[in-house]
Amino acid sequence: MTTVIVGTGIAGLVCALAHPRPEDVLVLTKAEPTASNTFAAQGGIAAVTDPAGDSIAAHVADTLTAGAGLCDAAAVRALCADGPDRIADLIAAGVPFDRSPAGGLARGLEAAHSVARILHAGGDATGAGIAEALLRAVTGRGIEVRPHTLVTALITDGGRVRGVRTLTSGGAGEDITADAVVLATGGAGQLYPYTSNPEVATADGVALAARAGAVLADLEFYQFHPTTLALPGNFLISEAVRGEGAVLRDHTGERFMLAVHPDAELAPRDVVARGVADRMRETGAPVFLDATAFGDRLATRFPSIDAAVRAAGLDWAHEPVPITPAAHYWMGGVATDLAGRTSLPGLYAVGEVARTGVHGANRLASNSLLEGAVFGHRAALALSDGPFEHAGKPVEDQNDRTVRATSARCTRDELQQAVWEGVGLGRDDAGLAATEARLAGWSGEPAPATVAEHETANLLLAARLMARAARARTRSAGAHFRTDDARVLETAS
Ligand code: SIN
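Remember, predicted model here, so these are calculated numbers, not experimental data.

Draft legend 1. Molecular detail of the sheet that holds strand β2 (residues 25-28). Spatially, the five strands line up as an open sheet ordered β5-β2-β1-β9-β16, and their pairing is parallel. Of all the strands in the sheet, just β5 (144-146) and β16 (347-349) have a single pairing partner and so form its edges. Each strand of the sheet is rotated relative to its neighbour by a mean of 20 degrees, with strand direction disregarded. In this structure, strand β9 (residues 180-183) lies alongside β16, joined through three bridges in parallel fashion. Counted as the bridge partner of V181 is L347 from β16.

Draft legend 2. Fine view of the site of the ligand. Neighbouring the ligand are the residues G43, H225, L236, S238, E239, R269, H328, R363, A365 and S366. For the ligand, an oxygen atom lies 2.6 Å from a polar atom in the side chain of S238. Between the ligand and the protein, one listed contact pairs an oxygen atom with a side-chain N or O atom of R363 at 2.8 Å. Considering the ligand on its own, with 260 Å² of exposed area, one finds that the protein chains cover 95% of that surface. Partitioning the shell around the ligand into residue classes produces two nonpolar, five polar and three charged.

Draft legend 3. Main features of the nonpolar core. L183, L191, Y192, W330, L347 and L415 are the most contacted members of the largest nonpolar core, which totals 55 residues. The dominant element in this core, judged by the number of residues it contributes, is helix α14 (residues 451-472), at 10 residues. Apart from residues lying up to four places away in sequence, Y192 is in contact with Y222, F224, A327, Q416, V419, W420, V423, G424, R427 and M466.

How each quantity is defined
- Residue indices follow the written sequence of each chain, beginning from 1 at its first position.
- Local features are withheld for residues below a pLDDT of 70 in this predicted model, meaning they are given only at 70 or higher, and side-chain atom pairs are given and counted only at 80 or more; totals for whole chains, interfaces and linings count all residues.
- No hydrogens and no water enter the side-chain calculation; it runs on all heavy atoms of the structure.
- The pairing criterion for strands is at least two bridges between them, as found by DSSP.
- Only runs of H or I of at least four residues qualify as helices and only runs of E of at least two qualify as strands under DSSP, and these elements are numbered from the N terminus.
- Interaxial angles span 0 to 180 degrees and are taken between N-to-C directions of axes, which are lines fitted to C-alpha atoms, for helices over the stretch in contact.
- Only a single heavy atom is needed: when it lies within 4 Å of a molecule or strand, its residue is near that molecule or strand.
- Between N or O atoms, a polar contact is any pair within 3.5 Å; within protein, one atom must be a potential hydrogen donor and the other a potential acceptor, and residues adjacent in sequence are included only when both atoms are from side chains.
- In these tables, accessible area is a Shrake-Rupley quantity obtained with a 1.4 Å probe, and a residue counts as shielded only by the protein chains included in the view.
- Amino acids outside the nonpolar list (Ala, Val, Leu, Ile, Met, Phe, Trp, Tyr, Cys, Pro) and the charged list (Asp, Glu, Lys, Arg) are all regarded as polar, and Gly is one of them.
- Grouping buried Ala, Val, Leu, Ile, Met, Phe, Trp, Tyr and Cys residues that are joined through side-chain atoms within 4.5 Å yields what is termed a nonpolar core.
- Throughout, exposure labels follow a simple rule: accessible area from a 1.4 Å probe, protein chains only, divided by the maximum for the residue type, with under 20% read as buried, over 50% as exposed, and the rest as partly exposed.
- Residues count as neighbours in contact if any of their non-hydrogen atoms are within 4.5 Å of one another.

Right, dumping it as structure tokens:
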């Protein structure tokens, strides 16, 4: 009963760690095991760890509100209710969460949370703390983690997933038979030219699942983070910095978010991202994050960010720094039930690649690491019973199985630019139609041979699916902002 887990972020590693038969588990990753969105995560993991000052009901309410009415309520309840146990597991696995002077867990506040409930490790190196501890625990269980091995296809037989086809960075290929395949491949930030995501985030899992015929959902919902450094690489400046009091100013020094939303810089992430982008467009000038009130405390409270900002030649302790929104997190993905089961027998999906329904149209800050831990664990428990049919509520099948006539290959840059222009922070029908036509006119590599060629083909397929889903949803919802929605036009006039 072999289980192949694809990906070494929190979801894949928790699934491996909780799997009932470690001897049957093989973990594959296309790069180094630490190359993941999890490892890069600065801001923390949200969960109820102070029953006196917080509650599961409050965490559920905050998550539903952020999701703009489009969350799956049962999935949200599972996420929040399982949260405290999964935090306990992470602590048991050796994750060094930050402590208050009294010795308890230190809890921070982030946008759209009603209570300070965000746990961090190493100040702003939460993901690294989690990934390193989990990798140690997984290998300590005797589970093989095989790096530099890209999955290029799911092997199916009679509608059931039976294994994976792989390609190593050295060019060798191998088919691996499995009773269950768990996609934990992470996100797709490389769809855009500006992203907080690492280079490995190339929509691989969504593309693999789509080609195999799995049901996908909510692909139009892509979240942009409001504050990345407006410099090449778009280094993320965690929401925790605003959570602790940093503010946004335009080039005249005005705190423009005060006029946009009652919660100003701590409004839901889509509101802040659009507020920043609008102000940049209106003024034709940069927008700045002002964290100078912290002064030299920045170096101790946010050591990783401080080092990166200073390495970029900016003295953020004494002057505001230019920021810009950038692609951050895909709420949509491979549709699953509450145990990670997809519509294809034998195929599971956990973490960012999955659409569990917990995020709706807009993810609440710091719920993504929690989702990985909760649903990675749930999938592992389901695997002990054997693969099942998809048991979740039916969702719209957004899969595009058509093979289009194609004319020209696209470069990664062309693809990213097209997606940014057509399926970025604001969308309209004309722009989406033009983007769809542009994407349809390009071919991925007809016979991808290298890892990079496979990745570009995956991005192209994901971009087509996302553009189509975005065009089909004509009303704005959360991160999907239709500038041609009559209600948006009314507000603007
Ligand atoms: C951040 O630190 O702002 C990112 C955390 C998240 O995306 O949840």
